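Results of the structural survey
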Amino acid sequence: MTRKNVLVFRELPDDQMARLRAAHEVTVANPKRADQRKAFDAALPTAHGLIGASYSIDETVLARAPRLEAVSSISVGVDNYDLPALRQRGIVLTHTPGVLTETTADTLFALLIASSRRIVELANHVRDGQWTHNIDESLFGWDVHGKTVGILGFGRIGQAVARRAALGFGMPVLYHHRREVECPGLEGHVKAVSMEALLAESDFIVLALPLTEETRGLMNASRFAAMKRGAILINGSRGAVVDEEALLAALDHGHLRAAGLDVFAVEPLPQASPLRRHPRVTALPHIGSATHETRYAMAVLATDNLLQELAGERSECRVP
Ligand SMILES: NC(=O)C1=CN([C@@H]2O[C@H](COP(=O)(O)OP(=O)(O)OC[C@H]3O[C@@H](n4cnc5c(N)ncnc54)[C@H](OP(=O)(O)O)[C@@H]3O)[C@@H](O)[C@H]2O)C=CC1
Ligand SMILES: O=CC(=O)O
């Protein structure tokens, strides 16, 4: 088989690097690191395959990569890729659906419980030496079990959150979807409703949507106003699905009780962002899939995908 040129723009585990090196010439260069930027730029013109994550692959990158055949993303979300430009150039894009579903759902459910029961705030209360007498009701949280959760983005991750909510915590689950969805094992526990009903009736709203032109800014001031008073927002999709200023206003006016956020419009979250220190925001550094097991499984799948595509085979994980 012809050896091709692979540019790795986000570090992979050693054994996956070895698989790539056995088949191809490999350059490792992360364009987000100032000391590796030149090496990335130098490798781009001869690269047949790219593998990595969290970097914007747009027309300016593609114009400098005339030999590119395939890009393998170590993520399920593909909003940082210019899909029309890839399509136009006949470059295949693959991603890593499925292997991160359960871990990401765990993270979102952890955020949901943490936000409602004030886990981080109260752990800091102990850590800061403030636990000097029994806490009073000013520090009580709110129940999770039995409350209604509304899910926007009822795909793999959304349904995995629904299973945790319905089967583990006895929570009625609402979802709003643009088409009928089958959810084996959840019959009788979940209900498709209009967007208006989901906003008005949910105690928790969980976002598990991809970022697209349709979902950008979906959670805006009027949708926050339409949410139940005292509801909690959990965002595990992409930051730009939420209008962050409108979210802050809804929190500050007391309309929303809290927010649990794993993703932000700008990442890493800028030091100056009011979301960083807001008393009713639990902010995580985009760790939906960040466990040793899952990140390894993603790296293996992304490596499989690239090796297949460069060998002229069709991977099952092509982005349509
Ligand atoms: N926080 C983190 O670390 C992680 C975040 N993510 C984010 O989660 C997203 C979802 O991942 P996953 O569940 O695997 O993807 P899926 O494609 O399985 O699920 C996404 C769902 O959202 C639906 N959807 C898309 N657009 C709309 C819309 N406008 N209104 C209502 N529903 C819509 C899709 O419907 P349809 O099938 O009809 O297109 C689909 O059911 C990723 O795209 C990524 O952005 C993923 C992993 C980790
Ligand atoms: O945000 C992570 C992803 O896999 O998408």
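Cut-offs applied
Residues numbered from 1 in each chain as written. Chains lettered and ligands numbered in written order. Predicted model: local features only at pLDDT ≥ 70, side-chain atom pairs only at ≥ 80, totals over all residues. Axes fitted to C-alpha atoms, helices over the stretch in contact; angles between N-to-C directions. Helix = DSSP H or I, 4+ residues; strand = E, 2+ residues; numbered from the N terminus. Parallel < 35°, antiparallel > 145°, perpendicular 65-115°, else oblique. Left-handed = near helix turned anticlockwise from the far one by under 90°. Contact = placed C-beta atoms within 7 Å. Near = placed C-beta within 6 Å. Nonpolar A, V, L, I, M, F, W, Y, C, P; charged D, E, K, R; others polar. Domains from an automatic or database assignment. Pairing = 2+ DSSP bridges. UniProt positions renumbered as here; feature names shortened; annotations may be inferred. Core = buried A, V, L, I, M, F, W, Y, C linked by C-beta atoms within 7 Å. Buried ≥ 20, exposed ≤ 12 C-beta atoms within 10 Å, placed from the backbone.

This paragraph deals with the packing of helix α5 (residues 101–117) against helix α7 (residues 156–169). The contact between α5 and α7 brings their axes to 8 Å, and the two run at 55°. The orientation of α5 relative to α7 falls into the category oblique. Judged by the sense of rotation from one axis to the other, the crossing of α5 with α7 is right-handed. Facing α5, whose interface residues are Thr101, Glu102, Thr104, Ala105, Leu108 and Phe109, α7 presents Arg156, Ile157, Ala160, Val161 and Arg164.

Attention shifts here to the site of ligand 1. Around ligand 1, the structure places 31 residues, and the nearest of them are Gly77, Gly155, Ile157, Pro210 and Gly288. Contributing elements (two or more residues each) for the shell around ligand 1: α5 and α7. At three residues, α7 tops the list of elements feeding residues into the shell around ligand 1. Looking at the shell around ligand 1 residue by residue, the classes come out as 11 nonpolar, 14 polar and six charged. The residues that make up the shell around ligand 1 include at least three from each of domain 1 (5–99 + 293–310) and domain 2 (101–283).

So, on to the site of ligand 2. Surrounding ligand 2, one finds Ser75, Val76, Gly77, Leu100, Gly288 and Ser289. Within the shell around ligand 2, the residues separate by chemical class into two nonpolar, four polar and no charged.

Once that is clear, we can look at the sheet that holds strand β9 (residues 204–207). Taken together, seven strands build an open sheet; the order of strands is β8-β7-β6-β9-β10-β11-β12 and the sheet is parallel. Each edge of the sheet is formed by a strand with only one pairing partner; in this case those strands are β8 (190–192) and β12 (281–283). Within this sheet the neighbouring strands show an average axis-to-axis angle of 15°, counted without direction. Where β9 meets strand β10 (residues 231–235), four bridges bridge the pair, whose relative direction is parallel. Residue pairing across strands places Phe204 opposite Ile232, the latter belonging to β10.

Before going further, it helps to examine the sheet that holds strand β4 (residues 70–73). Ordered by their spatial adjacency, five strands build an open sheet running β2-β1-β3-β4-β5, and the pairing between neighbours is parallel. The strands lining the two open edges of the sheet, one partner per strand, are β2 (25–28) and β5 (92–94). This sheet shows a mean twist of 15° between the axes of neighbouring strands, independent of strand direction. Of the strand pairs in this sheet, β4 and β5 are connected by three bridges, and their pairing is parallel. The partner of Val71 across the bridge, within β5, is Leu93. Running at roughly 170° to β4, helix α11 (residues 292–310) makes contact with β1 (5–8), β3 (49–52), β4 and β5 of the sheet.

Further remarks concern the UniProt feature "domain: D-isomer specific 2-hydroxyacid dehydrogenase NAD-binding" (unreviewed entry) in the chain. Listed under "domain: D-isomer specific 2-hydroxyacid dehydrogenase NAD-binding" (unreviewed entry) in the UniProt record, and renumbered for this structure, are residues 109–288. Taken end to end, residues 109–288 is 30% helix and 16% strand, and its two terminal C-alpha atoms sit 10 Å from one another.

Quick look at unusual backbone geometry now. Omega for the peptide link from Glu267 to Pro268 comes to -5°, which places this bond in the cis form. Tracing the backbone shows Pro268 in the loop between β11 (256–261) and β12. Notably, Ser54 is not glycine yet its phi reads approximately 55°, a positive angle. Structurally, Ser54 can be placed in the loop between β3 and α3 (59–62). The phi angle at His286 is positive, at roughly 50°, despite the residue not being glycine. Secondary-structure assignment places His286 in the loop between β12 and α11.

The subject of this paragraph is the nonpolar core. Within the largest apolar cluster, 48 residues are counted, with the highest numbers of intra-cluster contacts made by Ile151, Val161, Val206, Ile234 and Leu256. Top contributing element to this core by residue count: α5, with six residues. Once residues lying within four places of it in the same chain are set aside, the contact partners of Ile151 are Gly158, Val161, Ala162, Val173, Tyr175, Val206 and Ala208. Judged by nonpolar contacts, the second largest core, of 36 residues, contains Leu50, Leu62, Ala299 and Ala302.

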